[in-house]
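One letter stands for each residue in the lines below.
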Amino acid sequence: MTFKQVNRLWWGQSWHWLLGFMAIMLLIGLGTAVKTTQQHVQNTHESATMHAQAVEEYRKHPEDFQLDGHQVSLAAYNSEQNQIFPKNQFKLHSYMLRPEVPSNNWLYLVMAVAGLILAFWGRRTHYTEFMLSLGVTRTQLFLTQLLQSLALTVTVAVAQLLHWTWIIMVVPKNYQIYRDLPGLFGNNVAIVTISFGLLTLGWLMGQLTDRFWLAGLLAALSWRFMNGVASSYGYAAFFFGQSVIPPEFWFYAHAYVASAVSAGLALIAVGLVWRLSVTWSAEQSAFTRQSGLKKWTMIAVMTIAGGALVGDILFQPFAKSGLPWFELLGMAVLCIGLLGGSTYQQHRSKEAHYDAS
């Protein structure tokens, strides 16, 4: 069977949930944009009482209304305070985080769930088995699902485009004097690549276990750890010294660095998904009977993602510095436990085999 035929058959059966995820992401992009503009309108249209109070305050203390060290009019001051795009938003120093409704957090969640569905839909509906019985190869199915993942990623880009297009069209131009289109473009490229990375994360977790709840838990713990590394000062200081700039600054100032890192990790995950998907079998669900790659990938994921949580719960109260020693200790403890448990189970399995023979 040709790849074109395989692709048509697979899409013909899975289009309903795929289009559902696409519609949700488009609604998220547009809905958060509408909410952001509504909040901006509320901030700029003060009530009569609040406006009178501001005028009275300006009359009494005009020196308090300054921009860049110079006294300005009340109208100019209010205009500056209500800018939709902060000044120096994408600069490494002196940037401001926006108090808006971020669409990307919801998009990340939807993409991670889509990755899980991508891994489980064919198995739970037995459509994968049906396709394999027709002579379809596992690599053909993987490539078809990869195309679906790319379609979902393109939808994220469209959702972000809808988000910012609505804001730019609705908000008056006098409240957009600091708009930085190149910065917005780079920031959204990073959001799209991170979204693809989260989809591959859910897809990868679905290859490690046939239990949906466990795959979801592992994906959530993995994202929790990676988000902490990307946003907290601890790991950056641990590897590069106490004077390092926090990683979250780099996301805004050097979005293409974040994009490259996310894309690299996503490609590694895609490679693992391909290798695991061509050997996946429901009969290998037991931890001790998993293939070598699946077993060690599972141990690595549980050690890093689960160990960080163990460290946060058990050892963080005793931490005396901002360095993440407590999480590393939790990883070490969990890794020893997992390796010990795996070795014990293998030993028991060998004993049972010898007794049976």
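Structural data are supplied above this passage.
Here we summarise the structure given alongside this text. (Residues numbered from 1 in each chain as written. Predicted model: local features only at pLDDT ≥ 70, side-chain atom pairs only at ≥ 80, totals over all residues. Heavy atoms only, no water.)

### Some thoughts on the overall build of the protein
Defined as follows: Helical segments are the DSSP runs of H or I of at least four residues, strand segments are the runs of E of at least two, and each set is numbered from the N terminus. Exposure classes here rest on a 1.4 Å probe applied to the protein chains alone. A residue is buried below 20% of its type maximum, exposed above 50%, and partly exposed in between. The contact criterion used is simple: two residues touch if any of their non-hydrogen atoms lie within 4.5 Å. Under the convention used here, a 1.4 Å probe and the Shrake-Rupley method define accessible areas, while residue burial counts only the protein chains that appear.
Along the backbone of the protein there are 13 helices and two strands. Within the span of the protein, comprising 357 residues, buried residues form 40% of the whole. Considering only contacts in the protein between residues 6 or more positions apart, those separated by 24 or more positions represent 76%. Surface accessibility of the protein: about 19500 Å² in total, with carbon and sulfur atoms responsible for 66%.

### Looking at the pattern of salt bridges
Formally: Salt bridge criterion: a side-chain nitrogen from Lys or Arg within 4 Å of a carboxyl oxygen from Asp or Glu.
Using the criterion set out here, one finds two salt bridges in the structure. Two residues, D210 and R211, come together in a salt bridge whose shortest N-O distance is 3.8 Å. For D210, a relative accessible area of 27% puts it in the partly exposed group. Given the relative accessible area of 40%, R211 is considered partly exposed. In this structure, R224 engages D312 in a salt bridge whose closest nitrogen and oxygen atoms are separated by 2.3 Å. Here D312 lies in helix α12 (residues 292-314) and R224 lies in helix α8 (residues 212-231), a separation of 88 residues in the sequence.

### Details of the nonpolar core
When a protein is soluble and globular, its nonpolar side chains tend to lie buried together. Short version of the rule: As used in this record, nonpolar core signifies buried Ala, Val, Leu, Ile, Met, Phe, Trp, Tyr and Cys residues forming a set joined through side-chain atoms within 4.5 Å.
Counting residues in each nonpolar core, the largest one holds 54 residues, and the members touching the most others are M25, M131, L152, L199, W203 and M205. Looking at this core, the elements that each hand over two or more residues are α1 (3-44), α4 (104-124), α5 (127-133), α6 (138-170), α7 (181-208), α8, α11 (255-277) and α12. For this core, the leading source of residues is α7, giving twelve residues. A33, F85, F90 and V171 belong to the second largest nonpolar core, which has nine residues in total.

### Quick word on the side chain of D312
This is how the line gets drawn: Distance and chemistry together define a polar contact, namely a pair of N or O atoms within 3.5 Å, with one atom able to donate a hydrogen and the other to accept it when in protein, and with adjacent residues in sequence counting only for side-chain atoms on both sides.
For D312, a relative accessible area of 14% translates into the label buried. At 2.3 Å, the side chain of D312 and the side chain of R224 are in polar contact. Non-local contacts of D312, meaning those with residues more than four positions away in its chain, are made with R224, P317, F326 and E327.

### Some details on the packing of α1 against α4
For clarity, the cut-off: Under this scheme, a helix contributes an axis fitted over its contacting stretch, all axes are lines through C-alpha atoms, and angles between N-to-C directions fall in the 0 to 180 degree range. Any angle from 65 to 115 degrees is called roughly perpendicular, while one under 35 is roughly parallel, one over 145 is roughly antiparallel, and all others are oblique.
In the contact formed by α1 and α4, the axes pass within 10 Å of each other and the chain directions differ by 170 degrees. Looking at the two axes, α1 sits roughly antiparallel to α4. Contact with α1, carried on its side by W10, Q13, S14, H16, W17, F21, I24, M25 and I28, involves W106, L107, V110, M111, V113, A114, I117, L118, W121 and G122 of α4 and no other residues of that element.

### Examining unusual backbone geometry
Even without being a glycine, H126 presents a positive backbone phi close to 65 degrees. As for its placement among the helices and strands, H126 is situated in the loop between α4 and α5. Under the relative-accessibility criterion, H126 is labelled partly exposed at 49%.

### Observations concerning the packing of aromatic side chains
Aromatic rings in a pair are described by how distant their centres are and how their planes are angled relative to each other. Filter applied, for reference: Pairing of aromatic rings covers Phe, Tyr and Trp, the last counted by its six-membered ring, and requires centre-to-centre distances within 6.5 Å; plane angles under 30 degrees mean stacked, over 60 mean edge-to-face, and any other angle means tilted. Cation placement over rings: the criterion is NZ of Lys or CZ of Arg within 6 Å of the ring centroid and within 35° of the ring normal.
Following the criterion strictly, the structure yields nine aromatic pairs and no others. Seen in terms of ring centroids, Y127 and F130 are 5.7 Å apart; in terms of plane orientation they differ by 35 degrees. Their pairing is tilted. Placement of both Y127 and F130 in helix α5 is noted, with a separation of three residues, approximately one turn of the helix. Note on F130: relative accessible area 42%, which makes it partly exposed. The rings of W10, W121, Y127 and F130 are connected pair by pair, giving a single aromatic cluster. The side chain of R123 reaches across the aromatic face of F120, ending 4.8 Å from its centre.

### Brief notes about α11
An α-helical turn contains 3.6 residues, so a residue and the one three or four places further along point in the same direction. Here is the rule: For a helix, the expected span equals 1.5 Å multiplied by the number of residues minus one.
The end-to-end C-alpha separation of α11 is 32 Å, in line with the 33 Å expected for 23 residues at 1.5 Å each. Within α11, burial applies to A255, A258, S259, S262, A266, A269, V270, V273, L276 and S277.

### Examining the environment of L147
Its place among the elements puts L147 in helix α6. Along the sequence, L147 and N7 sit 140 residues apart, while their C-alpha atoms lie 8.9 Å from each other. Ignoring anything within four residues of it in the chain, the contact list for L147 reads F3, N7 and W11.

### Section: a nonpolar patch on the surface
Put simply, the rule is: Here, patches come from residues exposed beyond 30% relative accessible area and free of salt bridges, joined within 9 Å for like charges and within 5 Å for nonpolar side chains (Val, Leu, Ile, Met, Phe, Trp, Tyr).
On the surface, a nonpolar cluster with roughly 670 Å² of combined accessible area is contributed by L26, L30, V154, V158, L162, W166, M169 and V170. If you trace the backbone, L30 turns up in helix α1.

### Examining the packing of α6 against α7
Here is the rule: By definition, turning the near helix anticlockwise from the far helix through less than a right angle yields a left-handed crossing, and turning it clockwise yields a right-handed one.
Look at α6 against α7: their axes get within 10 Å of each other, and the N-to-C directions meet at 145 degrees. In the packing of α6 onto α7, the handedness of the crossing is right-handed. Together, F142, Q145, L146, S149, L150, L152, T153, V156, A157, Q160, W164 and I168 of α6 and L181, L184, N188, I191, V192, S195, F196, L199 and W203 of α7 make up the contact between the two elements.

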